[in-house]
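# Structural characterization, general
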Amino acid sequence: MTSESGGPAAPLALRALLVELNDLKRVHSAGRTGSIAERLFAQGWSALTGGASAEDVALDVTAKTLAASRLCDLDAAFLESAGLSTADAATVLVAGFDDVTAEVDGGLRDRLRESLRDPKDFVAGPVPVFVAALAQQPRAGVTCPGKPRILLEPPENHAEHCLMVAVYGVVLSPFYRADPTLVFLAAMSHHFHNAAMPDAGFTGEMLLGDHLLPIMARTTQWALDELDPALRETVARARAVLSDDATAEGGAFHSADCIDRVLQIAQHLRAATLTMDTVLDEMELVHAGPVKGFHDRVLKDMRIP
């Protein structure tokens, strides 16, 4: 049910999950380039150019992202390299997935869980040039015509944003009765133009005036031209939902895009208002263990906090 029928425009029950997932744009690990979100964006496009079905890739990438919300880079590749069997690694991933997905639509949750239990063996295709370009292209920050921009460091990049909107879109799709695969592809490609076009935000778009749409069309086509004809056509069809919220898929995409843009800023504000009560009491930074009492005495005698 959506706001058009008098109901809510978005599912509040998924809010906590979406907030937690957003941090994957900021989680890095030694020996791996880029954030988890950035790397999953590249993995998704490699699987697509390798010939995998868009539906399989949408389920695979979304399931891995959900599991990573708690496990971070304790992924299948690491777990198996550390000695776990494929089955045991899958069990760990499903445990992480189940830890955060109680509010996800049951039918979708079952399909996502199965993709972790029995992962597809995708052929790694060539990673398009636009993938690295989007990963190197920072987002504009908060902009408004006639006003100086507000920059919050570190900025996210366009690959991270596209990946997060794609995953949000899949998770939100049942609420809008949308095809999750179509929403996923639309989101993964919705900033194609920024692979070549620097992001000056809303302010820059307004100053470009009548030049904006032709430039966006031209730079979008440069990215589309990197794909083989069949995949290019599939992605172009998916992108047709980007123009408005008139379709179920358009509604799911625009909901995901709006939520991600605002949560990106919210995480900066959350960090700025973090208190020691939260860190020590709620999050148990100095947690239970054989030396907990000693740790507490040390902090007390050092007057920390």
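Read on for an overview of the structure. (Residues numbered from 1 in each chain as written. Predicted model: local features only at pLDDT ≥ 70, side-chain atom pairs only at ≥ 80, totals over all residues. Heavy atoms only, no water.)

Enumeration according to the criterion identifies 17 salt bridges in this entry. A salt bridge links E55 to R111, with the nearest nitrogen and oxygen atoms 2.4 Å apart. Separated by 56 residues along the polypeptide, E55 in helix α3 (residues 54-71) and R111 in helix α6 (residues 106-117) bring together distant segments of the chain. Among the residues examined, R111 registers a relative accessible area of 35% and is labelled partly exposed. Note that K64 is salt-bridged to D60, the shortest N-O span being 3.2 Å. Taken together, the residues span about one helical turn, with K64 and D60 both in helix α3 at a distance of four residues. For K64, a relative accessible area of 32% translates into the label partly exposed. Taken together, the shared-partner salt bridges in this structure form one network comprising K25, R139, E156 and D260. (Salt bridge = Lys/Arg side-chain N within 4 Å of Asp/Glu carboxyl O. Helix = DSSP H or I, 4+ residues; strand = E, 2+ residues; numbered from the N terminus. Buried < 20%, exposed > 50% of the residue type's maximum accessible area, 1.4 Å probe, protein only.)

Ranked by size, the top nonpolar core spans 72 residues in total, and within it L21, F41, W45 and L163 carry the most contacts. Looking at which element gives the most residues to this core, the answer is helix α8 (residues 158-176), with 13 residues. Once you skip the residues sitting within four places of it in the chain, L163 turns out to touch A37, L40, F41, V61, T65 and M188. (Core = buried A, V, L, I, M, F, W, Y, C linked by side-chain atoms within 4.5 Å. Contact = heavy atoms within 4.5 Å.)

The next point concerns the side chain of D73. Counting through the fold element by element, D73 comes out in the loop between α3 and α4 (76-81). Among the polar contacts listed, one links the side chain of D73 to the side chain of R32, at a separation of 3.1 Å. Every residue in contact with D73, bar those within four places of it in the chain, is listed here: H28, S29, R32, I36, R39 and F78. (Polar contact = N/O pair within 3.5 Å; in protein donor to acceptor, adjacent residues only side chain to side chain.)

Further remarks concern the side chain of Q137. Tracing the chain through its elements places Q137 in the loop between α7 (129-136) and β1 (142-144). For Q137, a relative accessible area of 14% puts it in the buried group. In terms of polar contacts, Q137 uses its side chain to reach the backbone carbonyl oxygen of M197, at 3.3 Å.

Two elements in contact, helix α2 (residues 36-49) and α7, have axes whose closest approach is 10 Å; the angle formed by their N-to-C orientations is 165°. Viewed along their axes, α2 and α7 adopt a mutual orientation that is roughly antiparallel. Between α2 and α7 the crossing geometry is right-handed. From α2, E38, F41, A42 and W45 reach across to α7, where they touch F130, V131, L134 and A135. In terms of residue class, the contact of α2 with α7 is built from seven nonpolar, no polar and one charged. (Axes fitted to C-alpha atoms, helices over the stretch in contact; angles between N-to-C directions. Parallel < 35°, antiparallel > 145°, perpendicular 65-115°, else oblique. Left-handed = near helix turned anticlockwise from the far one by under 90°. Nonpolar A, V, L, I, M, F, W, Y, C, P; charged D, E, K, R; others polar.)

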